[in-house]
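Residue-level structural notes
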Amino acid sequence: MKKFAIPFLAIMLSLSVVACGGGNSASDKKEKTTQSDKKKDSGKKSKKDKKDKKEDKKDKKSKKSKKETEESESESETKGKKDKKGKSSEDFDEIVVMDNDECTIKITGIDPDSSWGFAVNALLENHSSDKTYMFTIETSSINGLTCDALLAKDVAPGKKSNEDITFFDNSLKDAGIGDYTDIELTFSVRDYDDWRSEPMLETVHIYPYGEDKATKFEREPKSSDNIIMDNEYCTVIVTGYELDEILGYTVQLYLVNKSHKRLTISTNNCSVNGFMLEPYFSITMPAKATALDGISWFDSDFEENDITKVDEIDFDLVVRDNDSYEQYASENIKLTPEE
């Protein structure tokens with residue numbers, strides 16, 4: 001039994017040693033593999049970190065470059081806008097239009113993008129101790145084309161007011177005028193309580209781009225033009241006829257003031273198809289200016305007289321000096337629109 005047991009124990013012990021050795025080898029192999037994997041992972045992580053850092057630097061550089069480009073474009077755009085609009089309010093040279101014992105008018109800046117469109121900024125001062133003065137614009141033009149400038153401000157004695165002078169006239173758009181290179185304004189200041197008093201008048205030119213950049217509107221003549229008046233003072237041309245269902249009937253005009261005076265051109269004794277129908281037309285033009293305007297009637301004027309077709313328009317065209325009321329010309333005009 002002992003002889004048999006000893007060899008058996010020897011064999012078991014041998015197997016046990018082999019088993020223990022195999023276990024350690026597997027453990028070592030596993031440990032080596034784990035360490036190797038860790039090294040690989042560490043290498044991969046290191047490479048990834050370097051790659052991420054490289055990409056971060058690249059992104060930062062790209063973002064910086066993009067930011068610099070955007071800033072450059074922004075500066076270029078701002079400069080472009082400023083160049084297009086002319087002088088900004090910051091670099092505008094103040095213009096003194098009128099300065100006496102009664103009042104002062106100063107042009108303090110321009111605002112191409114006000115809530116009402118293009119605007120001229122003005123400071124109005126009343127130096128009187130007992131009179132309220134009304135400040136208005138008598139006549140105005142943009143690039144030599146007559147238009148309406150909106151200003152009507154009463155200033156109490158000893159007070160002042162900052163006002164925006166805006167322009168509201170479809171003729172500017174119709175004429176294709178974009179940049180305002182020459183703004184002419186004639187200011188009127190009169191006693192608010194005495195409209196028969198003589199107004200104080202003063203004219204100023206404003207050149208947003210500089211006087212050397214000023215342009216003048218010129219209309220190309222057409223074969224259909226009908227010149228109805230042409231003398232030393234003015235030229236009046238009928239450019240067409242328009243029937244509008246809302247505004248009524250209009251004789252479209254292009255007018256040229258050849259004189260160095262402000263002219264008022266109006267109609268008198270007007271009839272349509274033999275019916276006496278006074279239109280709403282009267283225009284005051286600055287010196288050497290042009291205008292796009294029209295002689296118009298409301299559609300109700302035609303309806304009340306059963307006029308459905310305009311055969312003949314008869315009127316007197318009168319030209320006067322706006323300031324002295326001296327009459328320069330008066331001619332009878334007959335138009336036959338349907339011919």
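What this report covers is the structure whose coordinates are included nearby. (Residues numbered from 1 in each chain as written. Predicted model: local features only at pLDDT ≥ 70, side-chain atom pairs only at ≥ 80, totals over all residues. Heavy atoms only, no water.)

The next subject is the overall build of the chain. Of regular secondary structure, the chain possesses 3 helices and 19 strands. Going through the 339 residues of the chain one by one, you find that 37% of them count as buried. On the chain, roughly 21,800 Å² of surface is accessible, and the fraction owed to carbon and sulfur atoms is 49%. (Helix = DSSP H or I, 4+ residues; strand = E, 2+ residues; numbered from the N terminus. Buried < 20%, exposed > 50% of the residue type's maximum accessible area, 1.4 Å probe, protein only. Areas by Shrake-Rupley, 256 points an atom, 1.4 Å probe, with all protein chains shown as cover.)

This part takes up the pairing of strand β13 (residues 248-257). Where burial is concerned, most of β13 is hidden: 8 out of the 10 residues are buried. Sheet analysis places strand β12 (residues 234-244) next to β13, joined by 10 bridges and oriented antiparallel. Residue pairing for β13: E242 is matched across the bridge by T250. Connecting the antiparallel pair β12 and β13 is a turn made up of 3 residues. Looking at chain direction, β13 and strand β17 (residues 290-297) are connected through 8 bridges and run antiparallel. Counted as the bridge partner of T250 is S296 from β17. (Pairing = 2+ DSSP bridges.)

Glancing now at the sheet that holds strand β2 (residues 103-114). An order of β1-β2-β3-β8-β6 is seen for the 5 strands of this open sheet, with the pairing classed as antiparallel. Each having just a single partner strand, β1 (95-99) and β6 (149-150) make up the two edges of the open sheet. Pairing of strand β3 (residues 117-126) with strand β8 (residues 160-167), which is carried by 7 bridges, proceeds in the antiparallel orientation. Following the sheet pairing, E125 is matched in β8 by K160.

With that out of the way, let us pick up the packing of aromatic side chains. Under the definition given, this model contains 9 aromatic pairs. Taking 6.1 Å as the distance between ring centres and 90° as the angle between the ring planes, the aromatic pair formed by F167 and Y180 counts as edge-to-face. Here F167, found in strand β8, pairs with Y180, found in the loop between α2 (170-174) and β9 (183-191); they are 13 residues apart in sequence, far enough to count as distant. Here F167 falls in the buried class, since its relative accessible area comes to 10%. Taking 5.6 Å as the distance between ring centres and 35° as the angle between the ring planes, the aromatic pair formed by Y249 and F302 counts as tilted. Pair noted here: Y249 is in strand β13 and F302 is in helix α3 (residues 299-304), with a separation of 53 residues, a long-range link. Judged by its relative accessible area of 8%, Y249 is buried. (Phe/Tyr/Trp six-rings, centres within 6.5 Å; stacked < 30°, edge-to-face > 60°.)

Taken together, I246, L247, Y280 and F298 make up a surface patch of nonpolar side chains, about 460 Å² in accessible area. Along the chain, I246 falls in the loop between β12 and β13. Take I246: its relative accessible area is 71%, and that puts it in the exposed class. (Patch = residues over 30% accessible without salt bridge, like charges linked within 9 Å, V, L, I, M, F, W, Y side chains within 5 Å. Salt bridge = Lys/Arg side-chain N within 4 Å of Asp/Glu carboxyl O.)

Bringing the pairing of strand β18 (residues 313-321) into the picture now. Counting buried positions over the 9 residues of β18 gives 8, a clear majority of the element. Relative to strand β19 (residues 327-335), β18 is paired through 8 bridges, and the arrangement is antiparallel. Within β19, the position partnered with L317 by the bridge is E331. In this structure, the hairpin formed by β18 and β19 is closed by a connection of 5 residues, where Y325 is found at a positive phi of approximately 65°.

The subject of this paragraph is the environment of I165. Locating I165 in the fold gives a position in strand β8. Judged by its relative accessible area of 0%, I165 is buried. Not counting chain neighbours up to four residues away, the residues in contact with I165 comprise F118, A119, V120, A122, I137, A149, L150, L151, L185 and F187. (Contact = heavy atoms within 4.5 Å.)

The subject of this paragraph is the pattern of salt bridges. Throughout the structure, instances matching the rule amount to 7 salt bridges. Between K106 and E94 there is a salt bridge, with the nearest N and O atoms lying 3.9 Å from each other. Of the two residues, K106 is situated in strand β2 and E94 in the loop between α1 (2-85) and β1; the sequence distance between them amounts to 12 residues. When the shortest N-O distance is used, the salt bridge between D323 and R262 registers 2.5 Å. Of the two residues, D323 is situated in the loop between β18 and β19 and R262 in the loop between β13 and β14 (263-272); the sequence distance between them amounts to 61 residues.

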